[in-house]
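# Observations on chain architecture
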Amino acid sequence: MSLKLFLDMISQPCRSVFLFAKKNNLPVEVKLISLKNGEQHTEKFRKVNPLRKVPALKDGDFCMGESIPMMEYMAEKFNTPDHWFPKDLQKRARVNEYLSWQHLGIRRVCFKLLSLREEVDGPVVKLEVPEDKMARAMEDLNWSLDLIEKTFIKDGGFIGGEQISIADLVAIVEIMQPFASGVDVFQGRAKLSAWKERVVQAVGKELFDEAHKTILSAKDSVKQLDSSKVEYFRPRVLRLIS
Amino acid sequence: MSLKLFLDMISQPCRSVFLFAKKNNLPVEVKLISLKNGEQHTEKFRKVNPLRKVPALKDGDFCMGESIPMMEYMAEKFNTPDHWFPKDLQKRARVNEYLSWQHLGIRMHGAEGVHLGERMPGEPAAADKMARAMEDLNWSLDLIEKTFIKDGGFIGGEQISIADLVAIVEIMQPFASGVDVFQGRAKLSAWKERVVQAVGKELFDEAHKTILSAKDSVKQLDSSKVEYFRPRVLRLIS
């Protein structure tokens, strides 16, 4: 029985797990879960992750959630190349430092921005998005990106140093997320764009594009949501922007 | 040159680092930094952590921030007992799962909002924001009780780990606003007692004396300090 990964490619942490598993050709089976269709609430999925979140992992009887622990688990189980999650104490500390900071440092920010953009949520909930909240979300995002460019990305290299690591995968999928609302945050950021190119090259363009095709077409798919789905999203969006 | 830790005990992540280092009698030097007095903005401290946050660690020329990576670093460097951060793949995954979830699962939520929303002198506490902060915090605590804490044990299993330290310091934080979230939560209280016992009551109390007296100290804040905090609190609760 191979290791199973439960993913929805709209989700940033699912994409980092996908990139890691596929780049390393790990013997895993990917099962796509549709959050939009509420598949995380099925009895079957709840046995895999009682928190009803993706990504999730099932290795025989052992189940877990949370993308970063999942990648660490797979890195060790399948003995992936050291640079992904270095064994050297200080190199690992650098990678872990970004992985820890980013939860509040950028993840929360990108998510808020995505939910605020009218282009995505307008046709869904028909709300007027308060200008000041949008402005603040963009301000927070820019602050995060400034920090990533100045403090985390090493000159000409990656977050952990000279080679790509799990930290870069986790970063890139977050920074790509605003594309789902038609926002390209790489514009005007030369250092960030150069780092992105290095990441894409290290991962492989084909794999990178495959991972991101869902969010790059998200704007179109949301217009097709039927009214029952709109009702599903409405309270969640209202909560986030109020 | 021993390893230095830069901490302000008002901060949850500083307390987990403190508990871990002291419980394990690690050869570290603790330097107290006062956030209230802006000591994180000094030239000297910025060399240690350019993000100007605590906790921070300096080991010779190597500097870092972020409490969980810091504890992992010290666990490995000083070879602490395995249960803190188990080497077994699946045991470690359980500990890591909580450590990852908690950033957004609880840290972002109620603890900060409840604590800061209430303690601002002269600022009317926005009642609906406080109510929401408590609601979010209760949701987090329900999950911790039902999903994370193992029956009769700890978060990672039968023994205490870094996950329990990280959890307990967050759940203690509302005490800084006089809010005791253990009330009415038998399972959580029982777990707390196990954690206090495993860490040692004296050390646990030492770590938490700052927040337990926070309500009083905030009344003594002079007006210049109030101005320092005001925009940050407004930002957080609005």
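All of these numbers come straight from a predicted model, not from anything done at the bench. Sequence order sets the numbering: in each chain, residues are counted from 1 along the sequence as written. Think of it this way: whatever chain is written first is A, whatever ligand is written first is 1, and the rest follow in order. With the structure being a predicted model, the display of local features is reserved for residues of pLDDT at least 70 and the display and counting of side-chain atom pairs for 80 or more, all residues being used for whole-chain, interface and lining totals. Only hydrogens and water are set aside when side-chain values are computed; all heavy atoms of the structure are taken into account.

In this section: the overall build of chain B. A count of helical and extended segments in chain B gives ten helices and four strands. Only DSSP runs of H or I with at least four residues qualify as helices, and only runs of E with at least two residues qualify as strands; both kinds are numbered from the N terminus onward. Its helices and strands in sequence order give chain B the pattern β-α-β-α-β-β-α-α-α-α-α-α-α-α, from N to C terminus. Throughout, a residue-residue contact means that at least one pair of heavy atoms, one from each residue, lies within 4.5 Å. Partitioning the contacts of chain B with sequence separation of at least 6, the portion at a separation of at least 24 is 70%. All accessible-area figures derive from a Shrake-Rupley calculation using a 1.4 Å probe, and residue coverage is judged against the displayed protein chains alone. As presented, chain B carries roughly 10600 Å² of accessible surface, and 51% of it is formed by carbon and sulfur atoms.

Moving on, we get to the packing of aromatic side chains. Residues and elements named next belong to chain A. Classification of ring pairs rests on two measures: the distance between centres of Phe, Tyr or Trp rings, Trp counted by its six-membered ring, which must be within 6.5 Å, and the angle between planes, read as stacked under 30 degrees, edge-to-face over 60 and tilted in between. Evaluated as defined, the whole model comprises 14 aromatic pairs over all chains. Geometrically, the ring pair formed by Phe 62 and Tyr 73 is stacked, given 5.4 Å between the ring centres and 20° between the ring planes. With Phe 62 in strand E4 (residues 62–65) and Tyr 73 in helix H3 (residues 67–77), this residue pair connects regions lying eleven residues apart in the sequence. Both residues of the pair, Phe 62 and Tyr 73, count as buried. Residues Tyr 98 and Phe 152 carry aromatic rings whose centres are separated by 5.1 Å and whose planes lie at 80° to one another, so their mutual orientation is edge-to-face. Throughout this description, buried means an accessible area under 20% of the type-specific maximum (1.4 Å probe, protein chains only), exposed means over 50%, and partly exposed covers the range between.

Quick look at the confidence of the model for chain A now. Residue and element names in this part refer to chain A. Confidence per residue, as judged by the predictor, is encoded in pLDDT with a range of 0 to 100. Here chain A shows a mean pLDDT of 85. Residues at 70 or above account for 81%. Per-element confidence in chain A is highest for H3, whose mean pLDDT is 98, and lowest for helix H5 (residues 118–125), whose mean pLDDT is 41. Below pLDDT 50 for its whole length, residues 118–127 participates in 28 contacts with residues either more than four positions away or in separate chains.

Residue and element names in this part refer to chain B. Pairing between two strands is assigned when DSSP locates at least 2 bridges connecting them. Taken together, the three bridges between strand E1 (residues 3–7) and strand E3 (residues 56–59) define a ladder with antiparallel strand orientation. For Leu 5, the partnering residue across the bridge sits in E3 and is Leu 57. Bridge count between E3 and strand E4 (residues 62–65): four bridges; the pairing is antiparallel. Of the residues in E4, the one forming a bridge with Lys 58 is Cys 63. Linking E3 to E4, which pair antiparallel, is a turn of two residues; within it Gly 60 sits at a positive phi near 65°.

Turning our attention to the packing of helix H7 (residues 166–176) of chain A against helix H8 (residues 190–203) of chain A. All names here are of chain A. The N-to-C vectors of H7 and H8 enclose an angle of 120°; their axes lie 11 Å apart at closest approach. The pairing of H7 with H8 is recorded here as oblique in orientation. In this structure, the crossing between H7 and H8 has a hand that is left-handed. On the side of H7, the interface is formed by Asp 168, Leu 169, Ala 171, Ile 172, Ile 175 and Met 176, while H8 contributes Leu 192, Trp 195, Lys 196, Val 199 and Val 203. In this classification, the charged set is Asp, Glu, Lys and Arg, the nonpolar set is Ala, Val, Leu, Ile, Met, Phe, Trp, Tyr, Cys and Pro, and all remaining amino acids, among them Gly, are polar. Of the residues that constitute the contact of H7 with H8, the class distribution is nine nonpolar, no polar and two charged. Here an axis means a line fitted to C-alpha atoms, over the contact stretch when the element is a helix, while the angle between two N-to-C directions is reported on a 0 to 180 degree scale. Angles are sorted into four bins: roughly parallel if under 35 degrees, roughly antiparallel if over 145, roughly perpendicular if 65 to 115, and oblique for all others. Throughout, a crossing is termed right-handed when the near helix is turned clockwise from the far one, and left-handed when it is turned anticlockwise from it by less than a right angle.

A few words on the interface of chain B and chain A. Facing the 35 residues of chain B at the interface are 35 residues of chain A. As used here, buried area is the combined drop in accessible area, with a 1.4 Å probe, of two parts when they are placed together. Both faces combined, the contact of chain B with chain A buries some 3300 Å², and carbon together with sulfur accounts for 57% of it. One speaks of a salt bridge when a side-chain nitrogen belonging to Lys or Arg is within 4 Å of a carboxyl oxygen belonging to Asp or Glu. On the surface where chain B and chain A come into contact, there are zero salt bridges. Think of a polar contact as two N or O atoms within 3.5 Å of one another; within protein, one of them needs to be a possible hydrogen donor and the other a possible acceptor, and neighboring residues in sequence only count if both atoms come from side chains. At the junction of chain B with chain A, the criterion picks out twelve residue pairs in polar contact (both at pLDDT 80 or more). Sorting the residues of the side of chain B that touches chain A by element identifies E4, helix H3 (67–77), helix H4 (89–119) and helix H5 (127–148) of chain B as the ones contributing at least two each.

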